[in-house]
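Structure at a glance
Here is what each chain is made of, one letter per residue.
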Amino acid sequence: MALSSFDIDAPRWDQTTFMGRLKHFFNITDPRTALLPDARLDEAKALVESCRAGSTPPGTTEEHLHYAKKLYDSAFHPDTGDRMNLIGRMSFQVPGGMAITGFMLQFYRTVPAVVFWQWVNQSFNALVNYTNRNAASPITPKQIGVAYITATSTALATAVGLNLYTKKAPPLVARWVPFVAVAAANCVNIPMMRQQEILNGIAVTDENGNKLGHSTKAAVKGISQVVISRVTMAAPGMIILPIIMQRMEKFRFMQRITFLHGPIQVMMVGVFLIFMVPAACSLFPQRCSIAVSKLEPELRDSIQSKYGDAVQLVYFNKGL
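Residues numbered from 1 in each chain as written. Predicted model: local features only at pLDDT ≥ 70, side-chain atom pairs only at ≥ 80, totals over all residues. Heavy atoms only, no water.

Stated precisely, the cut-off is as follows: UniProt positions are given in the numbering used here, feature names are shortened, and annotations may be inferred rather than shown by experiment.
By the naming in an unreviewed UniProt entry, the chain is Sidoreflexin, taken from Takifugu bimaculatus. The record in UniProt for the chain states the following under Sequence similarities (unreviewed entry): "Belongs to the sideroflexin family." Recorded under Subcellular location (unreviewed entry), the UniProt text for the chain is reproduced unchanged: "Mitochondrion membrane".

Rendered as structure tokens:
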């Protein structure tokens, strides 16, 4: 195939299947891409844009284009094309998430430690949620502040409340408190950070990308799927790892190296996240769809009056 006819935006893997999406997200959540300088990312963007324009530099191969698209997808927002901040990228989820989650799981016994690490985690989550929102629905600084405070307060109230409640519970139950707090906060943080989509609707298109209007029901579906994905991303590490650590801590060698328990948990969380970040992102297609019959009456009637039965599904970017 001539490179001039290479469709760089065509999915490399079948996005309608879980395995196809898993390969895609293993590719773009590769934490190694987070180490690359902005200049290298900008070069990749320039190559992607030149390919879209039908012109590629001499000597460019398909592998060069695939790698450039990998860097582009990992670092640039799909709606705006702007370079995303480093901490908010999905490629930073493994290094960022493993450090924060590892220390949340290690320092769960005292209220000050719980408060600090839950605050750090919610600050990280808020930035990730803002970075990966559907950018077609702008959010004001005031709304960002309200979302951040609400989610952080929810996480702190859940974590501190359960921490006090589980003082007399089995040790393993207390170790699971951070996960419950994270799950509860995600149910608040993501919808609040993307409240404009719920209030004003999200842009929906036909199969060919022609804009058909805005739908709040599409927004609710997309955001619900993101919440499920984020909770799933955290669940294995925060549920299984406490069981592993509780059993390991009974060994004498572990009792002699208590100062290494934190770093050990950080590394083990990283092992979980390397697999769970792409797996959780793959649960649902990023280009989400909803049946026209399930849209708001006004939008549904508008589409049907204009296209009849020709348009049965509408599509939208659910974000990550």
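**Let's talk about a nonpolar patch on the surface**
Note the cut-off: The patches reported here contain residues having more than 30% relative accessible area and no salt bridge. Joining distances are 9 Å for like charges and 5 Å for nonpolar side chains (Val, Leu, Ile, Met, Phe, Trp, Tyr). Computed with the Shrake-Rupley method and a 1.4 Å probe, the accessible areas treat only the protein chains shown as cover for residues. The rule for a salt bridge is simple: a side-chain nitrogen of Lys or Arg has to be within 4 Å of a carboxyl oxygen of Asp or Glu. Runs of H or I in DSSP of at least four residues are treated as helices and runs of E of at least two as strands, each being numbered from the N terminus.
On the surface, Phe18, Met19, Ile228 and Leu283 cluster together to form a nonpolar patch covering roughly 350 Å² of accessible area. Summarising the element assignment, Phe18 is placed in helix 1 (residues 18-28).

**What to know about the domain arrangement of the chain**
Threshold: Domain start and stop points were drawn from an automatic or database domain assignment. We call two residues contacting when some pair of their heavy atoms lies within 4.5 Å. Accessible-area loss on putting two parts together, using a 1.4 Å probe and summing over both, is the definition of buried area adopted here. Contacts described as polar in this section are N or O atom pairs within 3.5 Å, which, within protein, must combine one atom able to donate a hydrogen with one able to accept it, while residues neighboring in sequence count only if both atoms come from side chains. Each residue is assigned to one class: nonpolar for Ala, Val, Leu, Ile, Met, Phe, Trp, Tyr, Cys and Pro, charged for Asp, Glu, Lys and Arg, and polar for all the others, Gly among them.
Segmenting the chain into domains produces domain 1 (18-83) and domain 2 (90-285). For domain 1 and domain 2, the distance between their C-alpha centroids amounts to 27 Å. Between domain 1 and domain 2, the residue contacts involve 15 residues of the former and 21 residues of the latter. Across the interface of domain 1 and domain 2, roughly 1,200 Å² is buried in total on both sides, 67% from carbon and sulfur atoms. Run the count over domain 1 and domain 2 and you get 3 residue pairs in polar contact (both at pLDDT 80 or more). By residue number, the principal contributor to the side of domain 1 that touches domain 2 is helix 1, which donates 6 residues. Counted by class, the side of domain 1 that touches domain 2 contains 7 nonpolar, 5 polar and 3 charged residues.

**Focus: the UniProt feature "transmembrane region" (unreviewed entry) in the chain**
Within this numbering scheme, the UniProt entry marks residues 227-245 and 266-285 as carrying the feature "transmembrane region" (unreviewed entry). Regarding residues 227-245, the helix share stands at 100% and the strand share at 0%, and the terminal C-alpha atoms are separated by 27 Å.

**Quick notes on the side chain of Thr101**
Here Thr101 shows up in helix 4 (residues 93-106). Among the polar contacts listed, one links the side chain of Thr101 to the backbone oxygen of Gly97, at a separation of 2.8 Å. In this structure Thr101 touches Met238 and Val269, once residues within four positions along its chain are discounted.

**Quick word on the nonpolar core**
Our working definition: The term nonpolar core refers to a set of buried residues drawn from Ala, Val, Leu, Ile, Met, Phe, Trp, Tyr and Cys, joined through side-chain atoms within 4.5 Å. Exposure classes here rest on a 1.4 Å probe applied to the protein chains alone. A residue is buried below 20% of its type maximum, exposed above 50%, and partly exposed in between.
Among the nonpolar cores identified, the biggest contains 29 residues, and Met98, Met104, Met233, Met238, Val269, Leu273 and Cys281 are the most heavily contacted of them. Only helix 1, helix 4, helix 5 (111-131), helix 8 (177-193), helix 10 (216-248) and helix 12 (261-281) provide two or more residues apiece to this core. Met98 has contacts with Gln93, Val266, Met267, Val269, Gly270 and Leu273, leaving out every residue within four places of it along the chain. One finds Ile202, Cys288, Ile290 and Val314 within the second-largest nonpolar core, a separate group that totals 14 residues.

**Observations concerning the environment of Glu49**
Along the chain, the position of Glu49 falls in helix 2 (residues 38-52). Placed 41 residues apart in sequence, Glu49 and Ile8 show a C-alpha to C-alpha distance of 9.2 Å.

**Focus on the packing of helix 1 against helix 12**
When two helices pack together, their arrangement is given by the angle between their axes and by how far apart the axes lie. Rules: Note on method: axes are straight lines fitted to C-alpha atoms, helices fitted across the in-contact stretch only, with angles between N-to-C directions ranging 0 to 180 degrees. An angle below 35 degrees is read as roughly parallel, one above 145 as roughly antiparallel, one from 65 to 115 as roughly perpendicular, and any other as oblique. Handedness of a crossing follows from how the near helix is turned relative to the far one, being left-handed for an anticlockwise turn of less than a right angle and right-handed for a clockwise one.
Remark: helix 1 packs on helix 12, axes separated minimally by 8 Å, with the N-to-C direction vectors making an angle of 130 degrees. Viewed along their axes, helix 1 and helix 12 adopt a mutual orientation that is oblique. Where helix 1 crosses over helix 12, the handedness of that crossing is right-handed. Every residue of helix 12 that contacts helix 1 at Phe18, Leu22, Phe25 and Phe26 is listed here: Ile274, Phe275, Pro278, Ala279 and Cys281. Of the residues in the contact of helix 1 with helix 12, the class split is 9 nonpolar, no polar and no charged.

**Some words on the pattern of salt bridges**
Within the structure shown, the criterion is met by 9 salt bridges. Measuring nitrogen to oxygen at the nearest pair gives 2.9 Å for the salt bridge that ties Asp30 to Lys70. Placement of the pair is Asp30 in the loop between helix 1 and helix 2 and Lys70 in helix 3 (residues 62-75), with a sequence separation of 40 residues. Side by side, Asp30 and Lys70 carry an identical accessibility label, which is buried. The shortest N-O distance in the salt bridge between Lys69 and Asp73 comes to 3.0 Å.

**Focus: the confidence of the model for the chain**
For clarity, the threshold we go by: pLDDT is defined as a per-residue confidence score from the predictor, taking values between 0 and 100.
For the chain, the average pLDDT comes to 84, and 97% of its residues sit at 70 or higher. The secondary-structure element of the chain with the lowest mean pLDDT is helix 7 (residues 171-175), recorded at 77, while helix 1 shows the highest, at 90.

**Observations regarding helix 12**
Stated formally: By definition here, a helix of n residues has an expected span of 1.5 Å times n minus one. In this analysis the local bend is the angle between axes fitted, respectively, to the seven residues ending at and the seven residues starting at the residue.
The terminal C-alpha atoms of helix 12 lie 29 Å apart, and with 21 residues this matches the ideal 30 Å at 1.5 Å per residue to within 8%. By the largest-angle criterion, Leu273 marks the main kink of helix 12, which is about 35 degrees.

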